[in-house]
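The lines below spell out each chain.
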Amino acid sequence: MFDDPNLVSSAGLVPVLALADRAGLRDLAQEHLTVPSDKGANAGWKVASLVAGMVAGADSILDMAVLRHGGMGRLFTRIYAPSTLGSFLRAFTFGHVRQLDAVASRFLLALVNLAGLFETQGTTVVDGATAEGYALVDVDDTIVEVHGHAKQGAGFGYSGVRGLNALIATLTTTTTAPVVVAQRLRKGSTGSPRGAKRLVGDAVKTARRLLGKTRLVLVRMDSAFYGRGPVHAALAGGAAVSVTVRMDKAVKKAIAAIGEDAWTTIEYTDAVFDETSGRWISRAEVAETVFTAFSSAKKSERVPGRLIVRRIPDFNAEKRKAAGQGTLFDVWRFHAFFTTADADLLDTVDADKTHRGHAVIEQVHADLKGSALAHLPSGVFTANAAWLVLAVIAFN
């Protein structure tokens, strides 16, 4: 407890909330949220209070008491008790969560305009990967662990951890760290692609609003999202895709048809540059071939593009060789992804580098879980869904 009435422990909230107010957070929430009864009164002030608490380090409803410590009441008006804020969140329905999504999207747009975050053209570089002309939208989900059997929607998902599933999309350019442009909370046992079509569509639309209609956008996803829904949602919004594929029969057949002379050595984790030959000596190689995604679907749903394949030696084969059980030919492990990115902007090597940069979204997951998303504090699912949106607002 920080209880000196003449001191504040979170003075940094003053410029942060001043910026939020200039971007219209309070007014947007007041205008768009229609949470009923006295629980929803003064929605703008309550949303601002929740975001302020998250910025100050709160990761539960009780932690919102940080706003009432010390001299905070002399700096800010309308500081609500944690119990009041908890009642406000529990009054949310799914429709109110969608209203809060709209608030988050509009607030991000205003924030970007105020801060001048995004340029409208140029070269995008992420983790050393150059994607000339492309802004990068990354889509992925994560399990937020929860405890207690009364938690609505909790279940065991792909990670084997009991929790709720948070699906998010981020936008990255050469001049900015990732910002979250779309988010959705789902029950813990849900499959990764469920609801992804709508979220990808929302993410691309928001990216277009932030960047302008002429900026090229590339949506990166892992194999869980390799399906007609998410891919067509991205393409319908005018974006290109770069999505890891599952090793089905069509993909294996396409890889088998790639000639040995088509493989290019690439810079990889343990690569060494040979100055004599001017090449990277690496244990990884890439190649590409023409490929049509969803070729078994009806013609209108097929997507022509490029299959880019990275191969590395099978480490188990190396172990067997060391044990005297060598093979007659090299044994490789293959990692393939499908992309519609322009080959003139991203050749085979650059496309591979750019796709591997998709891992940047894992850092966003870690940042969220290291702050407000460390807990989903309510037993009510819609309250936790609103908490996720508020955590994203605070993150941005």
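Asker: It is not clear to me how helix α5 (residues 82-90) should be interpreted in this structure. Could you clarify?
Answerer: Each turn of an α-helix holds 3.6 residues, which means side chains three or four residues apart point in the same direction. Buried within α5 are the following residues: P82, L85, G86, F88 and L89. Seen from one end, α5 has its buried residues packed into an arc of 160°, which puts them on one side. For α5, the elements touching its buried residues are α3 (43-55) and α13 (381-395).

Asker: Would you mind going over the pairing of strand β5 (residues 162-173) with me for this structure?
Answerer: Consecutive residues of a regular strand have side chains that alternate between opposite faces of the sheet. Among the 12 residues that make up β5, 12 are buried, leaving the element largely enclosed by the rest of the structure. In terms of strand pairing, strand β3 (residues 134-145) meets β5 through 10 bridges, oriented antiparallel. Its bridge partner lying in β5, V144 is registered against L164. Of the strand pairs in this sheet, strand β4 (residues 155-156) and β5 are connected by 2 bridges, and their pairing is antiparallel. Its bridge partner being in β5, F156 is matched across the sheet by R162. Connecting β4 to the next strand, β5, in antiparallel fashion are 5 residues, including G160 with a positive phi near 80°. Pairing of β5 with strand β6 (residues 176-186), which is carried by 8 bridges, proceeds in the antiparallel orientation.

Parameters and conventions
Residues numbered from 1 in each chain as written. Predicted model: local features only at pLDDT ≥ 70, side-chain atom pairs only at ≥ 80, totals over all residues. Heavy atoms only, no water. Buried < 20%, exposed > 50% of the residue type's maximum accessible area, 1.4 Å probe, protein only. Helix = DSSP H or I, 4+ residues; strand = E, 2+ residues; numbered from the N terminus. Arc of directions from axis to C-beta. Contact = heavy atoms within 4.5 Å. Pairing = 2+ DSSP bridges.

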